[in-house]
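# Architecture and fold: a report
So the chains spell out like this:
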Amino acid sequence: MQSPPLTGLRVLEFAGLAPGPYAGLLCADYGAHVLRVDRAHPQAYTSSPPPPTPDALTRHKSSITVNTKNPQGIALIKSLVQNVDIVIDPFRPGVLEKMGLDPQKVLLRLNPRVIVARMTGFRRDGKYKDMAGHDINYIAVSGVLGMLGRENEKPYPPGNIVGDFAGGGAVCFMGIVLALLSRERTGYGQVVEANMVDGSAHLATMPRFSTKTPMWNAPRGRNTLDGGAPYYGTYETKDGKYVAVGALEPQFYAALLKGLEINPNNTRWPENRLDKQTWKDQRNAFTKLFKQKTRNEWEDIFDGTDACVTPVLSQAELEESGFDQRPIVTLKASPGLAISDGEADSRPPETGQGIGVEGAGWNTDGLRPGEGGEEILSKWMGWSKGRHYQVKEGGAELVDKADRPKL
């Protein structure tokens, strides 16, 4: 079995929340060494280390603390940049520039091979570029949020999955991988700019095109895939749980009716399931029938069929059942690092996972500012504290060569 595909790559990730750390997590899961740059903390590098930061996306990562308002702190970062492959910038536009770390004018001149991945919420050149925002704002102005929600109800935000993670961190990681491929050909790095407006809008490419077709040309909540169609939605069961129904094709719809014991030849049943005038009656019938049995009973009926009916499982249920969390994609020959305890040889080959980390993928101990950082500085740079760098007020900073003690 080969090493993970990003093995040996060095990533410098400026601390942030959600999309930037997620891009770094994907790098780490596939073998890259990721060093997070945290703010200086008075307890860092002491016998009483600080508590973990709120960032939960820290698997396989290490941390250093740096006072970025100190010239020697910035000097330390510049030295590191000369020896890394990727820099992840999670800040609003202009923050790196104010630090004196302009990607084009400084970082790429220090290291022409470095890839600077910049993750923002709004577009850098758009109307909202100087405004604060969160996932809900980014997907709102991308046109995605307006497509989500029930008929005659307000748009409903899907957590922070679409913007922060799918349209943000995952898209940023995609940009990093593309830049790495380009570097293989050219020998040069580049600036990668990802934003959650374009990322989420691109994810909605098919729905956007579909708004010009009968599939999605009606108002929100009255279309095939947005909860309008009775054969594509969720239904409550007798025990207060839910099942998901996705019987779009005719043969799947037929299997759904069979499981529900509905005779499609009954003169009272609609002849054309696609006729939106019949959707209300279909939905009412499905709602009534699904409430007559528990979710487990419906599983017994539909499991192993092509009716496209599955239970809506909670995270707690999955954890209790021992559901194994896996890397985002399976690479059979060069698997990513696993996200739970275990050795590569003990895992089923179809999961494509290497060695694991402590835990079962359901929680994290987080990462303390400065945790593991000194070891990374030694491995990457050959540095030792007191000679090459020092810690002042909880932040590492570079020691001028002239001031380094003689050996």
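Heads up: the structure comes first, above all this text.
Here's what I pulled together on the structure shown here. (Residues numbered from 1 in each chain as written. Predicted model: local features only at pLDDT ≥ 70, side-chain atom pairs only at ≥ 80, totals over all residues. Heavy atoms only, no water.)

Most of strand β1 (residues 10-14) is tucked away, with four of its five residues classed as buried. Bridge count between β1 and strand β2 (residues 33-39): five bridges; the pairing is parallel. In the sheet register, valine 11 faces β2, and the bridge partner there is valine 34. Once you follow β1 into helix α1 (residues 19-29) and on to β2, the crossover reads as right-handed. As defined by bridge partners, β1 adjoins strand β4 (residues 86-89) across three bridges and the pair is classed as parallel. (Buried < 20%, exposed > 50% of the residue type's maximum accessible area, 1.4 Å probe, protein only. Helix = DSSP H or I, 4+ residues; strand = E, 2+ residues; numbered from the N terminus. Pairing = 2+ DSSP bridges. Right-handed = clockwise from strand over helix to strand, strands pointing away.)

Summarising the element assignment, leucine 57 is placed in the loop between β2 and β3 (61-66). Sequence separation of leucine 57 and isoleucine 136 is 79 residues, and the distance between their C-alpha atoms is 20 Å. When sequence neighbours within four positions are dropped, the list of residues in contact with leucine 57 reads Ala18, Pro21, Tyr22, Leu25 and Phe165. (Contact = heavy atoms within 4.5 Å.)

On to the sheet that holds strand β9 (residues 309-311), then. The sheet built from three strands is open, its strands ordered β7-β8-β9 with antiparallel pairing. The sheet terminates laterally at β7 (232-236) and β9, the two strands that pair on one side only. Strand-to-strand twist across the sheet, computed as the mean angle between neighbouring axes with direction ignored, equals 25°. Pairing geometry for strand β8 (residues 242-246) and β9, over three bridges, is antiparallel. Along β9, the bridge assignment pairs valine 243 with proline 311. (Axes fitted to C-alpha atoms, helices over the stretch in contact; angles between N-to-C directions.)

Take the packing of helix α9 (residues 250-259) against helix α11 (residues 295-302) next. Two elements in contact, α9 and α11, have axes separated by 10 Å at closest approach and are oriented at 125°. As the angle between them shows, α9 and α11 are arranged oblique. Crossing of α9 against α11: the hand is right-handed. Where α9 abuts α11, its residues Ala255, Leu256 and Gly259 lie against Trp298, Ile301 and Phe302. (Parallel < 35°, antiparallel > 145°, perpendicular 65-115°, else oblique. Left-handed = near helix turned anticlockwise from the far one by under 90°.)

Below, the discussion takes up α1. A large share of α1 lies buried, amounting to eleven of its eleven residues. Looking at α1, one finds that the buried residues are Pro19, Gly20, Pro21, Tyr22, Ala23, Gly24, Leu25, Leu26, Cys27, Ala28 and Asp29. Positive backbone phi, approximately 105°, marks glycine 31, located one or two places after α1.

The space that makes up the largest pocket amounts to roughly 1,100 Å³. Lining of the largest pocket is provided by 42 residues; of these, Ala15, Gly16, Leu17, Pro90 and Phe91 occupy positions nearest its centre. At four residues, β2 tops the list of elements feeding residues into the lining of the largest pocket. A breakdown of the residues in the lining of the largest pocket according to their chemical character gives 21 nonpolar, ten polar and eleven charged. In this model, the second largest pocket occupies a volume close to 920 Å³. Taken together, 30 residues line the second largest pocket, and the ones lying closest to its centre are Ala56, Arg59, Gly361, Asn363 and Thr364. Here the lining of the second largest pocket gets four residues from one element, more than from any other, and that element is α1. (1 Å grid on protein atoms, 1.4 Å probe; cavity = no way out; pocket = protein on both sides within 12 Å on 5 of 7 lines; lining within 4 Å. Points joined across faces, edges and corners; volume = space filled by probe spheres on them. Nonpolar A, V, L, I, M, F, W, Y, C, P; charged D, E, K, R; others polar.)

This brings us to the nonpolar core. Among the nonpolar cores identified, the biggest contains 34 residues, and Leu12, Phe14, Ile64, Leu76, Ile77, Leu80 and Leu101 are the most heavily contacted of them. Secondary structure elements with two or more residues in this core: β1, β2, β3, α2 (71-81), α3 (95-99), α4 (103-110), α13 (373-381) and β11 (395-398). Looking at this core, the element that brings in the most residues is α2, giving six residues. If we skip the residues at most four places from it in the chain, leucine 101 touches Phe14, Ile74, Ile77, Lys78, Leu96, Val106 and Leu107. Membership of the second largest hydrophobic core comes to 29 residues, among which are Tyr22, Cys27, Ile115 and Tyr138. (Core = buried A, V, L, I, M, F, W, Y, C linked by side-chain atoms within 4.5 Å.)

The subject of this paragraph is the pairing of β8. As defined by bridge partners, β7 adjoins β8 across five bridges and the pair is classed as antiparallel. Within β8, the residue paired with tyrosine 232 across the bridge is glycine 246. The antiparallel pairing of β7 with β8 creates a hairpin that spans five residues between the two strands, and glycine 240 there sits at a positive phi of about 80°.

Before going further, it helps to spend a moment on α9. Among the residues making up α9, those that are buried are Tyr253, Leu256, Leu257 and Gly259. Buried residues in α9, looked at end-on, bunch into an arc of 165°, giving them a common side. Elements that come into contact with the buried residues of α9 comprise β8, α10 (279-290), α11 and β9. After α9 finishes, the residue glutamate 261 shows a positive phi value of roughly 60°. (Arc of directions from axis to C-beta.)

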